[in-house]
There are 2 protein chains.
Amino acid sequence: MKLVAKTIDLKIKGEDIILSEETATRLGVSSGDRVNLTSKGKTISTFIGVSSTLVEDDEVGVLGDIKEDLKINEKEEIEVRPSKKPKSVSSIKNKVLGNKFTKEDLKTLVNDVVNEKLTNSEIAAYLTAISINGMDLDETYWLTKSMVETGDQIDFEEFPIMDKHSIGGVPGNKISLLIVPIIAAAGLKIPKTSSRAITGAAGTADIMEVLAPVKFSAEQIHKITNEVGGTLAWGGATNIAPADDIFVRVEHPLSLDPRPQLLASVLSKKKAIGSDKIVIDIPTGDGTKVENKEEAKKLARDFIELGNRFEIEIESAITYGGTPIGHAIGPALEAQEGLMALEGKKEAPKSLLEKSCSVAGILLEMGDKADEEEGKKKAKKLLKNGKALEKFKEIIEVQGGDPQISSQDIELGAFRKKLVAPSSGYVTNVDNQGLIKIARTLGAPADKGAGLRLYKKEGDEVEEGEKILELFSEEKWKLKEAKKSIKKNFPLDVEGILLKRMPEFEDIQ
Amino acid sequence: MKLVAKTIDLKIKGEDIILSEETATRLGVSSGDRVNLTSKGKTISTFIGVSSTLVEDDEVGVLGDIKEDLKINEKEEIEVRPSKKPKSVSSIKNKVLGNKFTKEDLKTLVNDVVNEKLTNSEIAAYLTAISINGMDLDETYWLTKSMVETGDQIDFEEFPIMDKHSIGGVPGNKISLLIVPIIAAAGLKIPKTSSRAITGAAGTADIMEVLAPVKFSAEQIHKITNEVGGTLAWGGATNIAPADDIFVRVEHPLSLDPRPQLLASVLSKKKAIGSDKIVIDIPTGDGTKVENKEEAKKLARDFIELGNRFEIEIESAITYGGTPIGHAIGPALEAQEGLMALEGKKEAPKSLLEKSCSVAGILLEMGDKADEEEGKKKAKKLLKNGKALEKFKEIIEVQGGDPQISSQDIELGAFRKKLVAPSSGYVTNVDNQGLIKIARTLGAPADKGAGLRLYKKEGDEVEEGEKILELFSEEKWKLKEAKKSIKKNFPLDVEGILLKRMPEFEDIQ
């Protein structure tokens with residue numbers, strides 16, 4: 001169909017030209033679809049938006065870069081036609097039919113994803129298809145390899161390069177804040193990248209950002225790691241395995257988490273950053289991603305096998321994730337708690353210290369900095385003697401934060417409430433997802449000071465008048481909303497206390 | 001996250017508010033994602049677009065209706081948060097896991113689709129999941145029923161109401177142009193709605209539009225049918241089973257065509273329009289949707305069973321679809337050929353007359369207008385005696401077209417070429433998809449006058465100098481492009497002729 005060009009000074013992500021609804025219907029395309037645009041013999045493939053105010057039926061609105069790319073003049077006649085599907089669409093269809101991807105298929109697919117040639121619907125179809133029909137180790141390897149190759153890669157000069165990854169879903173799992181400085185303090189290199197929270201209350205990147213900037217390029221991560229031994233950066237700011245961010249962005253709203261994609265997601269980032277000795281922390285228990293130990297062991301085996309193909313040594317730590325790690329949930333609260341642990345404060349929760357030192361211990365053994373079975377002890381020592389704290393401050397400084405910061409300086413949400421037990425009893429269950437929901441209602445992770453502290457966990461006794469929960473928010477109405485939500489669904493089961501009769505919250509002094 | 005409102009006089013389909021890329025990232029959302037917008041205590045769920053020019057990081061661009069819906073003032077502070085997923089997302093996830101949809105699940109899902117509460121990615125996940133895991137008859141029934149109930153329905157006063165549907169994929173399948181007037185001429189009612197071409201060269205709606213307007217509401221279709229017995233309307237302009245248009249819009253770019261969705265698509269429209277006696281034309285053969293007879297029989301049985309649940313009587317006609325029906329492919333060319341057949345012109349292709357009368361014959365028998373085995377003969381009679389042509393002109397007139405039109409008046413693309421056989425041979429194979437591709441390259445279906453005529457089919461002898469193919473286009477460069485494409489991939493296999501040595505095209509006199 002021939003249309004008159006109308007250039008529009010507007011840039012909308014994922015849409016390069018605008019058609020009227022009538023014109024889109026006539027062309028058989030709709031918002032987000034792919035079309036071919038031909039001007040002066042040059043054709044490009046692009047995506048459309050549909051607007052009822054920007055263009056007339058005989059016009060095509062030309063946005064942003066496209067105008068320059070095709071040197072389009074105002075009022076020029078342009079040919080717009082539905083575009084052929086990229087090759088990946090037929091390989092996705094092939095997976096829907098139950099067939100295996102070839103190496104070439106996955107290379108093309110990942111390339112198309114990174115170059116934004118696939119629509120979200122096409123990526124959703126891919127993720128759904130592999131959720132049902134799976135991928136074998138070959139396919140997972142090819143996928144991972146393509147994800148590595150379509151982004152930046154760091155080439156460290158010396159090995160080993162240590163790394164860790166925790167499978168998400170456990171609130172309060174701020175162990176990287178302790179592990180990275182412990183490992184770096186031991187003289188090993190650990191260029192750790194983390195994600196922001198997507199479904200959670202605080203990702204490691206969200207937490208670290210309370211203390212220092214976290215946006216660095218691969219080159220900067222390389223430099224920082226060489227300089228101080230470790231970093232705590234946000235993976236999303238790098239161009240390391242950029243396909244992963246796109247896959248995650250599509251799979252998350254669909255509540256999909258296909259296993260091969262999880263494996264590729266973790267290992268593509270680690271491979272690209274140059275790590276060759278990695279611990280994977282796999283929390284199991286109610287409400288975690290991996291609900292039982294059998295499944296956790298299978299996942300661990302898959303990680304090890306896939307790691308082998310990349311010459312990466314992997315050990316797995318199957319941990320208990322049915323209850324939060326430490327007390328704090330939310331970016332600033334967790335940054336504070338992590339810092340308290342590094343400072344050796346006696347209020348630092350034992351569960352955080354134990355888990356961090358266990359995982360760090362494995363890494364110390366893998367990196368030959370501790371004898372077998374001695375890693376955890378060594379990790380504890382590096383915590384106790386202040387070396388880890390010192391290293392952490394170096395990392396904060398080199399990342400551009402204030403190394404003088406102490407746990408007491410951290411600002412928490414000003415609107416607070418606490419909840420005390422109206423009578424005695426003991427905790428029989430903790431609802432992780434419920435806690436995350438409360439923290440998010442309070443404003444986490446976007447409001448850094450928002451979140452909660454949980455003082456009682458499964459098996460703990462609760463005495464009348466004892467503190468159970470503290471809420472923090474940056475805005476009054478969010479605190480109110482969270483209180484309402486808690487009254488409806490209390491995230492703890494406490495035997496002996498009628499939670500429906502829970503008294504009003506108290507202000508925190 | 002709290003943002004300052006900036007109202008923007010712009011309406012983009014599927015996007016109600018605009019965030020900067022940085023803000024979207026901080027919120028953990030991207031283009032097309034769902035967010036909650038809270039202003040003055042009122043919260044609505046909506047979708048975001050991402051722009052690098054329209055808004056600053058602390059702003060939220062408020063488009064079109066949202067501004068009025070929430071009575072948002074310029075510079076007002078608005079809370080924007082990632083939104084909870086609608087319930088349908090968890091039922092789709094459930095289907096991914098291999099479970100069955102409940103009646104309630106499908107009702108909610110179809111409602112969410114019609115009310116635009118689901119993103120294209122979510123609909124894509126649904127379509128992919130049912131492509132792999134299927135749906136049983138219960139589920140298909142619930143789906144169909146929900147699709148009927150979420151749109152307009154026609155309640156005819158008298159029965160039977162006849163209808164037909166052809167499973168697509170066969171080029172030139174213009175039989176509805178003959179069947180509708182034949183059935184209406186016999187005194188039966190047939191409120192036929194059709195689609196536009198999506199992957200094809202011309203849908204019945206595209207073809208009929210050459211002769212008369214095709215956009216009518218359900219009420220208008222009801223009225224037209226009561227007035228003249230039949231209509232040839234575009235289903236997409238009605239609000240009949242509107243969910244179907246959305247499903248088709250998403251499944252088409254994915255090359256998906258899940259069987260339960262096909263069943264529901266056809267029968268929801270027929271049920272809503274009030275039809276109770278239907279013939280389903282199921283073409284089989286190379287390149288059709290249903291490649292073999294066994295599969296066609298299974299599909300026919302599924303249609304009959306599903307029809308039973310709605311008290312719709314269904315007969316199926318399993319036809320040969322390996323080669324085009326008639327010669328003409330493309331809207332105006334097909335309108336001309338259909339009209340020629342109704343006019344009784346001797347050039348009217350036999351394949352078109354035979355297929356149309358066979359299917360019309362079944363309908364005449366079902367509607368008690370012909371004795372068993374006599375339907376086809378009766379159909380032919382109504383064609384020969386001019387009653388069908390007379391009825392067709394009535395339909396054209398009542399739809400707002402010119403009833404005086406004859407096949408010779410129809411305007412075809414002005415840029416033409418023909419191809420003659422360089423030596424003798426015979427046709428061993430016709431590539432339907434190849435023909436459709438050529439017609440689309442020539443400009444069909446958007447350019448009404450574009451398309452082709454194919455004079456030789458499987459089994460036909462070709463003599464030296466005989467006409468094989470004629471091309472029509474409204475634009476010179478499209479003709480040139482089509483010629484190039486034909487030289488690369490000739491859509492016929494002709495034994496005895498070296499097609500690679502095919503001589504240049506000739507101008508059509």
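Since the model is a prediction, treat every value here as computed from it, not as a measurement. (Residues numbered from 1 in each chain as written. Chains lettered and ligands numbered in written order. Predicted model: local features only at pLDDT ≥ 70, side-chain atom pairs only at ≥ 80, totals over all residues. Heavy atoms only, no water.)

Enquirer: Before we move on, could you go through the side chain of B:Ser265 and cite the residues and values that matter?
Expert: Along the polypeptide, B:Ser265 turns up in helix α11 (residues 259-273). Ignoring sequence-local partners within four residues, the contact set of B:Ser265 consists of B:Met147 and B:Asp244. (Helix = DSSP H or I, 4+ residues; strand = E, 2+ residues; numbered from the N terminus. Contact = heavy atoms within 4.5 Å.)

Enquirer: Requested: an account of the sheet that holds strand β5 (residues 59-63) of chain B, with residues and values cited.
Expert: All names here are of chain B. In space, the six strands of this closed barrel follow the order β1-β5-β2-β4-β3-β6, with mixed pairing throughout. Taking each pair of neighbouring strands and ignoring which way they run, the sheet shows an average axis angle of 45°. Where strand β1 (residues 2-8) meets β5, five bridges bridge the pair, whose relative direction is parallel. Directly across from Ala-5, in β5, lies its bridge partner Val-60. (Pairing = 2+ DSSP bridges. Axes fitted to C-alpha atoms, helices over the stretch in contact; angles between N-to-C directions.)

Enquirer: Explain the layout of surface pockets to me, and be specific about the residues and the numbers.
Expert: In this model, the second largest pocket occupies a volume close to 460 Å³. Along its surface, the second largest pocket is lined by 24 residues, and A:Ser131, A:Asp257, A:Pro258, A:Arg259 and A:Pro260 are the ones closest to its centre. Within the residue set of the lining of the second largest pocket, elements represented by two or more residues are α5 (120-133), α6 (137-149), α11 (259-273) and α12 (293-309) of chain A together with α3 (87-96) of chain B. No other element matches the five residues that α12(A) contributes to the lining of the second largest pocket. Here the lining of the second largest pocket is composed, by residue class, of eleven nonpolar, five polar and eight charged. (1 Å grid on protein atoms, 1.4 Å probe; cavity = no way out; pocket = protein on both sides within 12 Å on 5 of 7 lines; lining within 4 Å. Points joined across faces, edges and corners; volume = space filled by probe spheres on them. Nonpolar A, V, L, I, M, F, W, Y, C, P; charged D, E, K, R; others polar.)

Enquirer: Any chance you could break down the domain arrangement of chain A for me, citing the residues and the numbers?
Expert: All names here are of chain A. In terms of domains, chain A is made up of domain 1 (2-82), domain 2 (87-134), domain 3 (162-407) and domain 4 (415-507). Computed over C-alpha atoms only, the centres of domain 1 and domain 2 are separated by 27 Å. Facing four residues of domain 1, the contacting portion of domain 2 comprises five residues. Overall, the association of domain 1 and domain 2 removes approximately 310 Å² of surface from exposure, summing both partners, and the carbon and sulfur fraction of that is 41%. Counting across the domain 1 and domain 2 interface gives one salt bridge. In this structure, the salt-bridge partner of Arg-34 is Glu-122, at a minimum N-O distance of 2.5 Å. (Domains from an automatic or database assignment. Buried area = accessible area lost by both parts, 1.4 Å probe. Salt bridge = Lys/Arg side-chain N within 4 Å of Asp/Glu carboxyl O.)

Enquirer: Tell me about α11(B), and name the residues and values.
Expert: All names here are of chain B. For α11, which comprises 15 residues, the first-to-last C-alpha distance of 22 Å matches the rise-based estimate of 21 Å (1.5 Å per residue) to within 8%. Within α11, 13 of the 15 residues are buried, which leaves it mostly tucked inside the rest of the structure. Of the residues flanking the end of α11, it is Gly-274, one or two places downstream, whose phi is positive at about 95°. (Expected span 1.5 Å × (residues − 1). Buried < 20%, exposed > 50% of the residue type's maximum accessible area, 1.4 Å probe, protein only.)

Enquirer: Pulling in residues and values, what's your account of the interface of chain A and chain B?
Expert: At the interface, 53 residues of chain A touch 53 residues of chain B. Taken together, both faces of the contact between chain A and chain B bury some 4700 Å²; the carbon and sulfur share is 54%. Across the contact surface, chain A and chain B share six salt bridges. Counting across the interface, chain A meets chain B through 15 residue pairs in polar contact (both at pLDDT 80 or more). When contributions to the side of chain A that touches chain B are tallied by element, the ones reaching two or more residues are α1 (21-27), β6 (77-82), α3 (87-96), α5, α10 (242-251), α17 (432-441) and α18 (476-488) of chain A. Its residues assigned to classes, the side of chain A that touches chain B comprises 19 nonpolar, 14 polar and 20 charged. (Polar contact = N/O pair within 3.5 Å; in protein donor to acceptor, adjacent residues only side chain to side chain.)

Enquirer: Help me get a handle on the relation of the copies chain A and chain B, residues and values and all.
Expert: It takes a turn of 180° to lay chain A on chain B, together with a shift of 0.0 Å along the axis; the resulting RMSD is 0.1 Å. What the rotation and shift describe, once combined, is the action of a two-fold rotation axis. Of the C-alpha atoms belonging to chain A, the one lying closest to the rotation axis is found on A:Ser121, 2.1 Å away. Both copies share a contact surface, since 100% of the interface residues of chain A are interface residues in chain B too. (Least-squares fit on C-alpha atoms with pLDDT ≥ 70 in both.)

Enquirer: Describe the pairing of strand β15 (residues 451-454) of chain A, listing the residues and the values that go with them.
Expert: All names here are of chain A. Alternating residues of β15 divide into Gly-451 and Arg-453 and Leu-452 and Leu-454, and every residue in both groups is buried. Direction of pairing for strand β12 (residues 328-329) relative to β15: antiparallel, over a ladder of two bridges. Bridged to Ile-329 within β15 is Leu-452. The pairing of β15 with strand β17 (residues 467-473) spans four bridges and is classified as antiparallel. Bridge assignment links Leu-452 to a residue of β17, and that residue is Leu-471.

Enquirer: Hey, could you go over a positive patch on the surface for me, with residue numbers and the actual values?
Expert: Judged by side-chain charge, A:Lys84, B:Lys437, B:Lys476, B:Lys480, B:Lys484 and B:Lys488 come together as a positively charged surface patch. The biggest single contributor to the positive patch is helix α18 (residues 476-488) of chain B, with four residues. If you trace the backbone, B:Lys488 turns up in helix α18. (Patch = residues over 30% accessible without salt bridge, like charges linked within 9 Å, V, L, I, M, F, W, Y side chains within 5 Å. Areas by Shrake-Rupley, 256 points an atom, 1.4 Å probe, with all protein chains shown as cover. Lys, Arg positive; Asp, Glu negative; His and termini not counted. Charge placed at Lys NZ, Arg CZ, Asp CG, Glu CD.)

Enquirer: Summarise the packing of aromatic side chains; cite the residues concerned and give the values.
Expert: All names here are of chain A. Taken as a whole and assessed by the stated rule, the structure comprises six aromatic pairs over all chains. On the basis of an interplanar angle of 45° and a centroid distance of 4.9 Å, the ring pair of Tyr-141 and Phe-310 is categorised as tilted. Placement of the pair is Tyr-141 in helix α6 and Phe-310 in the loop between α12 and β11 (313-320), with a sequence separation of 169 residues. Here Tyr-141 and Phe-310 have matching classes, each one buried. Among the aromatic residues, those joined into a ring-pair cluster are Phe-101, Tyr-126 and Phe-247. Lying across the ring of Trp-234, Arg-196 places its NZ or CZ 4.1 Å from the centre. The ring of Tyr-141 has Arg-309 sitting right over it, with the charged end atom 5.5 Å from the ring centre. (Phe/Tyr/Trp six-rings, centres within 6.5 Å; stacked < 30°, edge-to-face > 60°. Lys NZ or Arg CZ within 6 Å of the ring centre and 35° of its normal.)

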